[in-house]
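Below, each chain spelled out in residue letters.
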Amino acid sequence: MPSRRLSLSLLLLLLCIGSKVDGQYFRYGSLRWQQVAVDSTGITVRFRLSTAWRRDYFAAVGGCTDCTGEATSPHCPDDAESCDAPVAGDGVHLYDPDRAPPVAMTFSFGANPDDYLTGQKGADTVPICELTPSRCMPGRVVDAFENTTTTPLAEEDALHIVYVVSEFTYKYPRATSSYTAGFQGCCRMGSADTELRNNAGGSWYLRTVVSLTREG
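What you are looking at is a predicted structure, and each value in this text was computed from that prediction instead of being measured. (Residues numbered from 1 in each chain as written. Predicted model: local features only at pLDDT ≥ 70, side-chain atom pairs only at ≥ 80, totals over all residues. Heavy atoms only, no water.)

**Section: the overall build of the protein chain**
Part 1 of the reasoning: When its secondary structure is counted, the protein chain shows two helices and 11 strands.
Part 2 of the reasoning: Along the chain direction, N to C, the helices and strands of the protein chain fall in the order β-β-β-α-β-β-β-β-β-β-β-α-β.
Part 3 of the reasoning: A total of 216 residues make up the protein chain; the buried ones form 47% of that total.
Part 4 of the reasoning: Considering only residue pairs separated by 6 or more positions, the protein chain has 69% of its internal contacts joining residues 24 or more positions apart.
Part 5 of the reasoning: Of the roughly 10500 Å² of accessible surface on the protein chain, a fraction of 50% belongs to carbon and sulfur atoms. (Helix = DSSP H or I, 4+ residues; strand = E, 2+ residues; numbered from the N terminus. Buried < 20%, exposed > 50% of the residue type's maximum accessible area, 1.4 Å probe, protein only. Contact = heavy atoms within 4.5 Å. Areas by Shrake-Rupley, 256 points an atom, 1.4 Å probe, with all protein chains shown as cover.)

**Re unusual backbone geometry**
Part 1 of the reasoning: Along the chain, Cys186 connects to Cys187 via a cis peptide bond; the corresponding omega equals 20°.
Part 2 of the reasoning: Locating Cys187 in the fold gives a position in the loop between strand E10 (178-186) and helix H2 (191-194).

**Observations regarding the state of the cysteines**
Part 1 of the reasoning: This model, assessed by the stated rule, comprises one disulfide.
Part 2 of the reasoning: Disulfide partner of Cys186: Cys187, at an S-S distance of 1.9 Å. Torsion about the S-S bond of the Cys186 and Cys187 cystine: about 80°, corresponding to right-handed handedness. Here Cys186 and Cys187 have matching classes, each one buried. (Disulfide = S-S within 2.5 Å.)

**Describing the packing of aromatic side chains**
Part 1 of the reasoning: Under the defined criterion, the tally for this structure stands at 15 aromatic pairs.
Part 2 of the reasoning: On the basis of an interplanar angle of 65° and a centroid distance of 5.1 Å, the ring pair of Phe107 and Phe168 is categorised as edge-to-face. Residue Phe107 is found in strand E6 (residues 106-108), and its partner Phe168 is found in strand E9 (residues 160-172); the two are separated by 61 residues along the sequence.
Part 3 of the reasoning: When its relative accessible area of 0% is taken as the criterion, Phe107 is described as buried.
Part 4 of the reasoning: Geometrically, the ring pair formed by Phe109 and Tyr170 is stacked, given 4.3 Å between the ring centres and 5° between the ring planes. Within this pair, whereas Phe109 is found in the loop between E6 and strand E7 (116-118), its partner Tyr170 is found in strand E9, the two being separated by 61 residues in sequence.
Part 5 of the reasoning: Phe109 sits in the buried class, given a relative accessible area of 4%.
Part 6 of the reasoning: For Tyr170, a relative accessible area of 11% gives the class buried.
Part 7 of the reasoning: Put simply, the rings of Phe47, Phe107, Phe109, Phe168, Tyr170, Tyr172 and Tyr179 touch in pairs and so form one group of aromatic residues. (Phe/Tyr/Trp six-rings, centres within 6.5 Å; stacked < 30°, edge-to-face > 60°.)

**Comments concerning the pairing of E10**
Part 1 of the reasoning: As paired elements, E6 and E10 share three bridges and run antiparallel to each other. Across the sheet, the residue bridging to Ser108 is Gly182, located in E10.
Part 2 of the reasoning: Sheet analysis places E10 next to strand E11 (residues 203-211), joined by nine bridges and oriented antiparallel. From the neighbouring strand, Gly182 faces E11, where its bridge partner is Arg207. (Pairing = 2+ DSSP bridges.)

**Notes on the sheet that holds E7**
Part 1 of the reasoning: Spatial strand order, E7-E6-E10-E11: four strands in an open sheet with antiparallel pairing. Lying at the two open borders of the sheet, with one neighbouring strand each, are E7 and E11. When strand polarity is set aside, the average angle formed by the axes of neighbouring strands in this sheet is 10°. (Axes fitted to C-alpha atoms, helices over the stretch in contact; angles between N-to-C directions.)

**Quick notes on the pattern of salt bridges**
Part 1 of the reasoning: Counting across every chain of the model gives two salt bridges.
Part 2 of the reasoning: Of the charged contacts in the structure, one is a salt bridge between Asp39 and Lys171, with a shortest N-O distance of 3.2 Å. Taken together, the residues Asp39 in strand E2 (residues 26-39) and Lys171 in strand E9 connect sequence positions 132 residues apart.
Part 3 of the reasoning: The class for Asp39 is partly exposed, based on a relative accessible area of 33%.
Part 4 of the reasoning: Residue Lys171 is classed as partly exposed on the basis of its relative accessible area of 37%.
Part 5 of the reasoning: Arg48 is paired through a salt bridge with Glu167; the nearest N and O atoms lie 2.8 Å apart. Of this pair, Arg48 sits in strand E3 (residues 42-54) while Glu167 is found in strand E9, placing the two residues 119 residues apart along the sequence.
Part 6 of the reasoning: Arg48 gets classed as partly exposed once you look at its relative accessible area, which sits at 28%. (Salt bridge = Lys/Arg side-chain N within 4 Å of Asp/Glu carboxyl O.)

On their own, these measurements won't tell you what the molecule is for.
Encoded structure:
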């Protein structure tokens, strides 16, 4: 398949916010896509979003959906939504840590502005997508490990990192064209957490250009 069918986004983390705010959990991520099917109704693309977070992020946002990684571990009580430290194999959702972050967590496909995924929370702090599950951003933890040996510790208020992979599919119009898909939100970890110099404490925007062909 031509390389144009697969694009790996550069980790361009934009929309800088200079001041430190609450809810800093995002470390870094990447976004890629693949054209997987063409039929009379459109062109189907599969996105793969890989992200890294502070492990306590999921305890803060209530984003655990199932705990298949270690079902008997204390990290996964009967109420999966309150899991404290997910491990590899656990299902999670990506939600905003706050009700009104500077930039709402959103995944846009770049075609129809009404087609998007969201991690936003309503006035009652309940994730909006729980009312419309098709707009949620589910993922699976692929790795999680403690970081207790470095000096100084790499994170503030947490000793763990979680790596999550999310996959979404979307059908574009059947035409040779290009679209910009992207994942944005707030906030990245601060410089005090990781000595981060690139947009510490600010919002992020991962994007990729989806170049489609009508060939099967």
